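A structural walkthrough
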Amino acid sequence: MPEFTTASKSNGTSNRLAGSQPLREAFKNFNGEEKNRNGQSAPQTPGVEETTSSELPDTETHESIEDFKNAADQLSKTIEEDATSEADLNAPPVESLETTKIDLTPEKLIGLAQNKEAQFFHDQHGDAFVWFPTTGKDGHFECLRITSQVFKARLLDLAESVALNPPQPTTILKAIELAKLKAFQTQAKELANRHKSDGTKLFIDLADDKWNMVTVSNGSWSVQPQDAPRFLRNKHQLAMKMPRPGGDPFELFKFVSVDSKEEKLLVLAWTLGAFFPAIPLPMLIIVGPPGSAKTTRSRRLRSLLDPSVTPVLGDMELSNLFLTFHNHAVPCFENVSKFTRKEADMFCRAVTGNGVERRKMFTDSDQVLYSFRRPIIINGIDTPSIRPDFLDR
């Protein structure tokens, strides 16, 4: 029978086991069991030094060899089981991954949007909208046209997060049509354009990324996320500056040059009245010779009330006035020379708040009603119309 020793007889140096600390601990326990068996130490091979806890134990019998093999096998299994258990704990649960993915249909997609508190409705002009939540730490709601590319993108993003397979284009298009249907199953909600007043409070849409608005009431104001009323956002609109407490209304004339005290009171009264669209407001007409800073004054007044990518409008906007008045809260026209009878009549309607009917599409007889009341700025060398009804406004 071969002899197993822990020392070389030729040079007397110890052969230590190369391995991990758990194996050394097992050898230590094995030596203790051998020493405690029958109350005496295990037999030792003559001429061989006793090993330390990290050395291979002396074994001379077949029983000791088998015990050592069993202990090593058991320790190896334990290490493998611990490693497997730790990997299982760190891995994501398979069941949760499977349950978050579904076979997507248009009905399920709209249902998921409603579960996220999306609200479908139509406005006073018969256009379909959705009050849709955003994600992230600065989550808020946005008022989107159901036919807009933004809403389509939001639906696509929602679909990709829950669908087993990439959503088909037809699924998104059918979901949009279903959203339109739900929008007209509810009562109409009025949408405001930049400014809104209810008799006791004034609301101003800041048009910022977080969809904040300013609420003015009882001599104080606050900034808060939009809820009610809701505002229509147009592509040309720019964000207003965040308001600060204090200030003097007459500081306006550091930026808008006005000569006489009477004209300053007129401009200041008109500017304050422009925040209240429910009140008919006379048109502010700035006339003067070339180079008298008419457009500069118009731009600065417009930027205070309704910042826009197109602060002043020209002949192109005059050709489609009802859409211009619908989209711009404070329309500002520059270098106007003369209005036609129809144009002058449209300006009168915009001041008093009368509606305008238009055919929705050239291929059908559906009509859409636009109703608006706007504070209007016009500049030019002369007054653009001398019609009595125009001059009254």
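Above this text you will find the structure in question.
Residues numbered from 1 in each chain as written. Predicted model: local features only at pLDDT ≥ 70, side-chain atom pairs only at ≥ 80, totals over all residues. Heavy atoms only, no water.

Here's the deal with the overall build of the chain
If you tally the helices and strands in the chain, you get twelve helices and 14 strands. Residue burial in the chain is summarised as follows: out of 393 residues, 38% are buried. (Helix = DSSP H or I, 4+ residues; strand = E, 2+ residues; numbered from the N terminus. Buried < 20%, exposed > 50% of the residue type's maximum accessible area, 1.4 Å probe, protein only.)

Brief notes about the sheet that holds strand E7 (residues 212-217)
Here four strands make up an open sheet; going across it, the order is E5-E6-E7-E8 and the pairing antiparallel. Unpaired on one side and paired on the other, strand E5 (195-197) and strand E8 (220-225) mark the two borders of the sheet. Taken pair by pair, the neighbouring strands of this sheet meet at an average axis angle of 20°, ignoring direction. Where E7 lies against E8, six bridges are found, and the strand directions are antiparallel. Considered in E8, the bridge of Asn212 is made with Pro225. (Pairing = 2+ DSSP bridges. Axes fitted to C-alpha atoms, helices over the stretch in contact; angles between N-to-C directions.)

Digging into the side chain of Gln237
Turning to its location among the elements, Gln237 is positioned in the loop between strand E9 (230-231) and helix H7 (261-273). The contact partners of Gln237, leaving out residues within four places of it in the chain, are Asn193, Arg194, Leu232, Asp306, Pro307 and Ser308. (Contact = heavy atoms within 4.5 Å.)

A look at the sheet that holds strand E3 (residues 141-145)
The strand order across the open sheet formed by three strands is E1-E2-E3, and the pairing between neighbours is antiparallel. Since the sheet does not close on itself, it has two edges, and those belong to strand E1 (119-122) and E3, each with one partner. On average, each strand axis in the sheet is tilted by 25° relative to the strand beside it, whichever way the strands run. Pairing of E1 with strand E2 (residues 128-133) involves four bridges; the strand directions are antiparallel. When the sheet's bridge partners are listed, Phe120 is paired in E2 with Val130. Along the sheet face, helix H5 (residues 149-162) touches E1, E2 and E3 and points at about 120° away from the line of E3. Contacts between helix H6 (residues 169-183) and the sheet are confined to E1 and E2, with E1 contributing the most and set at about 65° to the helix.

What about unusual backbone geometry?
Cis geometry is adopted by the peptide bond preceding Pro229, which originates at Ala228 and carries an omega value of 0°. Of note, Pro229 is situated in the loop between E8 and E9. Here the phi dihedral of Asn218 falls at roughly 55°; this positive angle occurs in a residue that is not glycine. Tracing the backbone through its elements, the reader meets Asn218 in the loop between E7 and E8. Even without glycine at this site, Ala293 takes up a positive phi of about 65°. Within the secondary structure, Ala293 sits in the loop between strand E10 (284-287) and helix H8 (294-305). Using a relative accessible area of 34% as the deciding quantity, one classes Ala293 as partly exposed.

Points about the pattern of salt bridges
Within the structure shown, the criterion is met by nine salt bridges. Among the salt bridges present, the one from Lys196 reaches Glu190, with a minimum N-O distance of 3.4 Å. Residue classification places Lys196 among the partly exposed residues on the basis of a relative accessible area of 22%. Linking Arg302 and Asp306 is a salt bridge whose minimum nitrogen-to-oxygen distance equals 3.3 Å. Among the ionic contacts, a cluster of salt bridges with common partners joins Arg194, Arg302 and Asp306. (Salt bridge = Lys/Arg side-chain N within 4 Å of Asp/Glu carboxyl O.)

Observations regarding the pairing of E2
Extensive coverage of E2 is indicated by the burial of six of its six residues. Neither face of E2 is exposed, since Ala128, Val130 and Phe132 on one face and Phe129, Trp131 and Pro133 on the opposite face are all buried. What sits between E1 and E2 in their antiparallel hairpin is a turn of five residues, with Gly126 showing a positive phi close to 85°. Where E2 meets E3, five bridges bridge the pair, whose relative direction is antiparallel. Its bridge partner lying in E3, Phe132 is registered against Glu142.

Observations regarding the packing of helix H4 (residues 106-115) against H5
The geometry of a pair of packed helices is captured by two quantities: the angle between their axes and the separation between those axes. The N-to-C vectors of H4 and H5 enclose an angle of 100°; their axes lie 10 Å apart at closest approach. Between H4 and H5, the angle falls in the class roughly perpendicular. Where H4 abuts H5, its residues Leu109, Leu112 and Ala113 lie against Leu155, Leu158, Ala159 and Val162. Of the residues belonging to the contact of H4 with H5, the class tally is seven nonpolar, no polar and no charged. (Parallel < 35°, antiparallel > 145°, perpendicular 65-115°, else oblique. Nonpolar A, V, L, I, M, F, W, Y, C, P; charged D, E, K, R; others polar.)

Considering H7
Each full turn of the α-helix corresponds to 3.6 residues, which orients residues three or four apart in the same direction. In this model H7 runs 18 Å from its N-terminal to its C-terminal C-alpha over 13 residues, within 8% of the 18 Å that 1.5 Å per residue would give. Among the residues of H7, Val267, Leu268, Trp270, Thr271 and Gly273 are the ones counted as buried. Taken together, the buried residues of H7 touch E10, H8 and strand E14 (377-380). (Expected span 1.5 Å × (residues − 1).)

As for empty space enclosed by the protein
Across all of its chains, the model carries two cavities of 30 Å³ or more by this definition. Put simply, the largest cavity is a space of about 50 Å³. The class makeup of the residues in the lining of the largest cavity is eight nonpolar, one polar and two charged. (1 Å grid on protein atoms, 1.4 Å probe; cavity = no way out; pocket = protein on both sides within 12 Å on 5 of 7 lines; lining within 4 Å. Points joined across faces, edges and corners; volume = space filled by probe spheres on them.)

Focus on the layout of surface pockets
Here the largest pocket is characterised by a volume of approximately 1400 Å³. Lining the largest pocket are 30 residues, and of these Pro243, Arg244, Gly246, Phe275 and Leu304 lie nearest its centre. Counting only elements with at least two residues in the lining of the largest pocket, the list comes to strand E6 (202-205), E7, H7 and H8. When the residues that make up the lining of the largest pocket are grouped by side-chain class, the tally is 21 nonpolar, four polar and five charged.

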